[in-house]
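Each chain is listed here by its residues.
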Amino acid sequence: MIFQDLSQRPHHFGTQHKAPCLLKTFRSNMMLNPLKPKHLNRMDDLPADMITLNLEDAIAPSRKKEALHNIALFLSHLKEARSFIIVRINPLNKGGREEIEFLNPFGFDAVRIAKVKSKEEILEVDRLLNREKEIHISLETKEAFANLAQWGGITRFTTANIGILDLLTSLGLPQSLVDLDNPTIHYILSKFLIDARTIGVNPISFMFQEYQNTQAFRAWCQLEKKMGFTTKACMGPLQVEIANQLFGADPEAIKRAKHIKHAFESSAQKAEHGFMDEQYGFIDEPIYRDALLVLGENPTI
């Protein structure tokens, strides 16, 4: 906990500035409401790989300044945290610019821009935001959905989060389409994933809002993992536990990848880049590059 006794927490900002998060892969991204001090107070020991402090839709306009102050207060007293901490700001023309300017001195890892419609908005944040922080976006508009694949080339733009309900509204489609077997939803998720991967951005799948329905949440995670997603937005610790389990490393896949990596690199020293392996069959460069991907290394073509 950041404060041992919340009732005695100070009202002035502290001087702590947590170090950047060392995690490189992420399974879960849990949303926190900054109007709930009990939630903020646990930022330093939550099991989620990512934590998003939400200043946008869930916060009424009359309370956004209060929420912003709470975020700054708790961050300024946060010594360290295992999780990658993100602040979800409002659209740039609805207070987002001022929120970035206010938050820049505090210790966190990224801002997430809401309701993005153009690459120019990301470029503007790239100019405004302190250099040590990453840029994430919420993909919630038809403009972003249509053009994400053209938004590459911004080094700090690393992550896109799909907001399926807002996106459907922007597309003029009913939210009732959100169903495990709906081909339109499959298409939307597939296009989002491929477009994001094309420009080197991590795609995070949507938040499932039926928090108590863990069976359905698990089914969505299983589907999304099959599609190629590696990170899931979460609402609370029950969903985080499931996402961490399902999107975690597969011991058998790791074992296979390590074997292939060693076998290929040994064979490559003999100038043989295609050969039969007794355990896993034929191995060549594409198989080797896939093994590197499983091991979290950076295969190049």
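Residues numbered from 1 in each chain as written. Predicted model: local features only at pLDDT ≥ 70, side-chain atom pairs only at ≥ 80, totals over all residues. Heavy atoms only, no water.

(A) Structural view of the layout of surface pockets. The computed volume of the largest pocket comes to approximately 1600 Å³. For the lining of the largest pocket, the secondary structure elements donating two or more residues are β6 (157-162), α10 (251-268) and α11 (285-294). Sorting elements by how many residues they give to the lining of the largest pocket places α11 first, with 6 residues. Residues belonging to the lining of the largest pocket are distributed by class as follows: 21 nonpolar, 12 polar and 13 charged. (1 Å grid on protein atoms, 1.4 Å probe; cavity = no way out; pocket = protein on both sides within 12 Å on 5 of 7 lines; lining within 4 Å. Points joined across faces, edges and corners; volume = space filled by probe spheres on them. Helix = DSSP H or I, 4+ residues; strand = E, 2+ residues; numbered from the N terminus. Nonpolar A, V, L, I, M, F, W, Y, C, P; charged D, E, K, R; others polar.)

(B) Examining the packing of helix α2 (residues 64-76) against helix α3 (residues 96-103) more closely. Taken N-terminus to C-terminus, the directions of α2 and α3 make an angle of 25°; their axes are 11 Å apart at the nearest point. Taken together, the axes of α2 and α3 lie roughly parallel to each other. Pair α2 / α3 crosses with right-handed handedness. Within the contact between the two elements, α2 uses L68, I71 and A72 and α3 uses E99, F102 and L103. For the contact of α2 with α3, the class distribution of residues is 5 nonpolar, no polar and 1 charged. (Axes fitted to C-alpha atoms, helices over the stretch in contact; angles between N-to-C directions. Parallel < 35°, antiparallel > 145°, perpendicular 65-115°, else oblique. Left-handed = near helix turned anticlockwise from the far one by under 90°. Contact = heavy atoms within 4.5 Å.)

(C) Spotlight on the packing of aromatic side chains. Across all of its chains, the model carries 8 aromatic pairs by this definition. With a centroid separation of 4.3 Å and 15° between ring planes, the pair formed by F264 and Y288 is classed as stacked. Highlighted residues: F264 in helix α10 and Y288 in helix α11, separated in sequence by 24 residues. On the accessibility criterion, F264 (4% relative accessible area) is buried. (Phe/Tyr/Trp six-rings, centres within 6.5 Å; stacked < 30°, edge-to-face > 60°. Buried < 20%, exposed > 50% of the residue type's maximum accessible area, 1.4 Å probe, protein only.)

(D) Representation of unusual backbone geometry in the model. At K115, a residue that is not glycine, the phi angle is positive and equals roughly 55°. The topology assignment puts K115 in the loop between β4 (110-113) and α4 (119-128). On the basis of relative accessible area, K115 is assigned to the partly exposed category, the value being 22%. Residues other than glycine seldom take positive phi values, yet A271 does so here, at roughly 65°. Secondary-structure assignment places A271 in the loop between α10 and β9 (274-277). Assessed through its relative accessible area of 67%, A271 is described here as exposed.

(E) Structural context of the environment of R197. Assignment of secondary structure puts R197 in helix α7 (residues 183-198). Residue class for R197 comes out partly exposed when judged on its relative accessible area of 40%. Counting along the chain gives 119 residues from R197 to L78, while the straight-line C-alpha distance between them is 33 Å. Other than its neighbours up to four places away in sequence, R197 contacts N202, P203, G228 and T230.

(F) Expanded view of the pairing of β4. With burial as the criterion, each face of β4 is covered, one bearing A110 and R112 and the other bearing V111 and I113. A crossover connection joins strand β3 (residues 84-89) to the parallel β4 through α3; in handedness this β-α-β unit is right-handed. Two elements, β4 and strand β5 (residues 134-139), share 4 bridges in a ladder whose sense is parallel. Counted as the bridge partner of R112 is H136 from β5. As a crossover connection, the stretch from β4 through α4 into β5 is right-handed. (Right-handed = clockwise from strand over helix to strand, strands pointing away. Pairing = 2+ DSSP bridges.)

(G) Inspection of the pattern of salt bridges at higher detail. Taken as a whole and judged by the stated rule, the model has 18 salt bridges. A salt bridge links E56 to K115; the shortest N-O distance between them is 2.7 Å. Pair noted here: E56 is in the loop between β2 (50-54) and α2 and K115 is in the loop between β4 and α4, with a separation of 59 residues, a long-range link. Overall, the relative accessible area of 3% leaves E56 in the buried class. Residue R131 is joined to D126 by a salt bridge in which the shortest nitrogen-to-oxygen separation is 3.6 Å. Accessibility expressed as a relative area gives 55% for R131, which makes it exposed. (Salt bridge = Lys/Arg side-chain N within 4 Å of Asp/Glu carboxyl O.)

(H) Up close: the pairing of strand β8 (residues 231-234). On β8, burial covers both faces: T231 and A233 on one face and K232 and C234 on the other are all buried. Bridge count between strand β7 (residues 202-205) and β8: 2 bridges; the pairing is parallel. Its bridge partner lying in β8, I204 is registered against T231. For the crossover that starts at β7, traverses helix α8 (residues 214-227) and ends in the parallel β8, the hand is right-handed.

(I) The arrangement of α7 in detail. Given a rise of 1.5 Å per residue, 16 residues ought to cover 22 Å, and the 22 Å separating the end C-alpha atoms of α7 matches this to within 8%. The complete set of buried residues in α7 reads I185, I188, L189, K191, F192, L193, D195 and A196. Of the surrounding elements, those touching the buried residues of α7 are β5, α5 (142-147), β6, α6 (164-170), β7 and α8. Two or three places before T184, at the opening of α7, N182 has a side-chain oxygen 2.8 Å from that residue's backbone nitrogen. Note on α7: the residue one or two positions beyond its end, G200, has a positive phi of about 75°. (Expected span 1.5 Å × (residues − 1). Polar contact = N/O pair within 3.5 Å; in protein donor to acceptor, adjacent residues only side chain to side chain.)

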